[in-house]
Amino acid sequence: MHIAKLPAEARARRSAEMREFLRSRRARVTPVEAGLAAGDSRARRTPGLRREEVAVLAGVGVSWYTWLEQGREINVSGEVLDAIARVLRLDAAEREHLYLLAGLNPPQAPPVAVRRVPDGLRQVIDSWLPRPAYLLDRHWNLVAVNRAAEAVFGYGEDDHNCLVTFFAGARFRSSLLHWRDAAHAIAGQFRADAARYPDDAEFGRLAADLCAVSPEFAEIWAEHDIRGASTGRKTVLHPDVGELTFDYATLTLPDLPGHRLLLHTPAAGTDTEQRLAALLGAAVG
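For the structure given in this document, a descriptive report is provided here. Not measured: the values here are computed from a predicted model.

So, on to the sheet that holds strand β1 (residues 133-136). Strand order in the open sheet formed by 5 strands is β2-β1-β5-β4-β3, and the pairing between neighbours is antiparallel. Where the open sheet ends on each side, the last strands, each with one partner, are β2 (142-145) and β3 (231-238). Within this sheet the neighbouring strands show an average axis-to-axis angle of 25°, counted without direction. One ladder, built from 3 bridges, connects β1 with β2; its direction is antiparallel. When the bridges of β2 are listed, Leu136 appears paired with Leu142.

Laid out in structure tokens, this is it:
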């Protein structure tokens, strides 16, 4: 799918970036790595592959590849870009960059089923204590939750999905201040996530199930609101320590497509940090 057409100045910058990007990636791939005979290295003016070699290996015309490398406005398909990415041995981030430079939306990476949270990520989540942190997959399933998030938000063994817990459980309705505003924001974020994966039926199933059990979700879902939020603020009225207010940030994880890490920090100018310490101290005791 083509992205929106850019102004002339932006197209010129993108063309220059395409030229330098492909040249640099050609230069780092040797003929042997590409499966070609090494030949006489002294006959090569520059290291790496020649343009015509990339074209032949990718199955495209030499003139067409030359125009692509020059950043000209030509018709490009994802299949051809994938072939070029294979020849140039691009990693996932570089392949995405190539798509964007060519004016195409990068294909969504397939979901990653995390059976075991990587040790480094698990360490980040646990070391965020005494502040809450948790990991969600793209369907908003809770993959990893630290002890502070369990104590603050009440996540337990029966809580498998953040969206379901929010709308189907009574705990959030009674503890989260401004619940209605948060409900609109969360439903809008979930709809925006669903639009990124049009072939994933799980989003529709979750929404249908929630509409059946939560009249509030059904009402909000019918509004087709779209929201996006990488940062925000949550205020929880905890039954043991009172009001807790957190600023949160949402981090995407390139190595785990569709997953995101939510990190919470006590809001400045509140007693949240002291109350959080008392809550965790009581939980340990």
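What follows deals with the environment of Arg191. Here Arg191 shows up in helix α10 (residues 179-196). Residue classification places Arg191 among the buried positions, given a relative accessible area of 15%. Separated by 13 residues in the primary sequence, Arg191 and Gly204 place their C-alpha atoms 9.5 Å from one another. Excluding its chain neighbours within four sequence positions, the residues that come into contact with Arg191 are Trp221, His224, Asp225 and Ile226.

On to helix α3 (residues 62-69), then. Taken together, the buried positions of α3 are occupied by Trp64, Tyr65, Thr66, Leu68 and Glu69. Of the surrounding secondary structure, the elements contacted by the buried residues of α3 are α1 (8-28), α2 (51-58) and α4 (78-87). Looking one or two residues beyond α3, the residue adopting positive phi is Gly71, at roughly 80°.

Turning to the environment of Ala222, a few remarks are in order. Relative to the elements of secondary structure, Ala222 occurs in the loop between α12 (215-221) and β3. As a C-alpha pair, Ala222 and Cys211 span 11 residues in sequence and 9.4 Å in three-dimensional space.

Quick look at the packing of aromatic side chains now. Applying the stated criterion across every chain yields a total of 13 aromatic pairs. Ring geometry for Phe190 against Phe203: centres 5.4 Å apart, planes inclined by 50°, an arrangement best described as tilted. Taken together, the positions of Phe190 in helix α10 and Phe203 in helix α11 (residues 201-213) put the pair 13 residues apart, joining distant regions of the chain. Taken as a pair, Phe190 and Phe203 share a single burial class, namely buried. For the pair Tyr197 and Phe203, a centre-to-centre distance of 5.9 Å together with 5° between the ring planes defines the contact as stacked. By relative accessible area, Tyr197 is classed as buried at 13%. One aromatic cluster is present, formed by Trp140, Phe166, Phe167, Trp179, Phe190, Tyr197, Phe203, Phe217 and Trp221 through successive ring pairs. Taking NZ or CZ as reference, Arg138 lies 3.9 Å from the ring centre of Tyr197, over its face.

A few words on the nonpolar core. The nonpolar side chains of soluble globular proteins are, as a tendency, buried together. Core analysis: the largest hydrophobic core is formed by 39 residues, its most contacted members being Tyr134, Phe153, Tyr155, Leu163, Phe166, Phe167 and Phe217. It is α10 that provides the largest number of residues to this core, a total of 6 residues. Counting 26 residues, the second largest nonpolar core, distinct from the first, contains Leu68, Ile84, Leu90 and Leu98.

Now for the pattern of salt bridges. This model, assessed by the stated rule, comprises 18 salt bridges. A salt bridge links Arg205 to Asp209, with the nearest nitrogen and oxygen atoms 2.6 Å apart. In this pair, Arg205 and Asp209 both sit in helix α11, 4 residues apart, roughly one turn of the helix. A salt bridge links Arg227 to Asp225; the shortest N-O distance between them is 2.8 Å.

About the thresholds
- Residues numbered from 1 in each chain as written.
- Predicted model: local features only at pLDDT ≥ 70, side-chain atom pairs only at ≥ 80, totals over all residues.
- Heavy atoms only, no water.
- Pairing = 2+ DSSP bridges.
- Helix = DSSP H or I, 4+ residues; strand = E, 2+ residues; numbered from the N terminus.
- Axes fitted to C-alpha atoms, helices over the stretch in contact; angles between N-to-C directions.
- Buried < 20%, exposed > 50% of the residue type's maximum accessible area, 1.4 Å probe, protein only.
- Contact = heavy atoms within 4.5 Å.
- Phe/Tyr/Trp six-rings, centres within 6.5 Å; stacked < 30°, edge-to-face > 60°.
- Lys NZ or Arg CZ within 6 Å of the ring centre and 35° of its normal.
- Core = buried A, V, L, I, M, F, W, Y, C linked by side-chain atoms within 4.5 Å.
- Salt bridge = Lys/Arg side-chain N within 4 Å of Asp/Glu carboxyl O.

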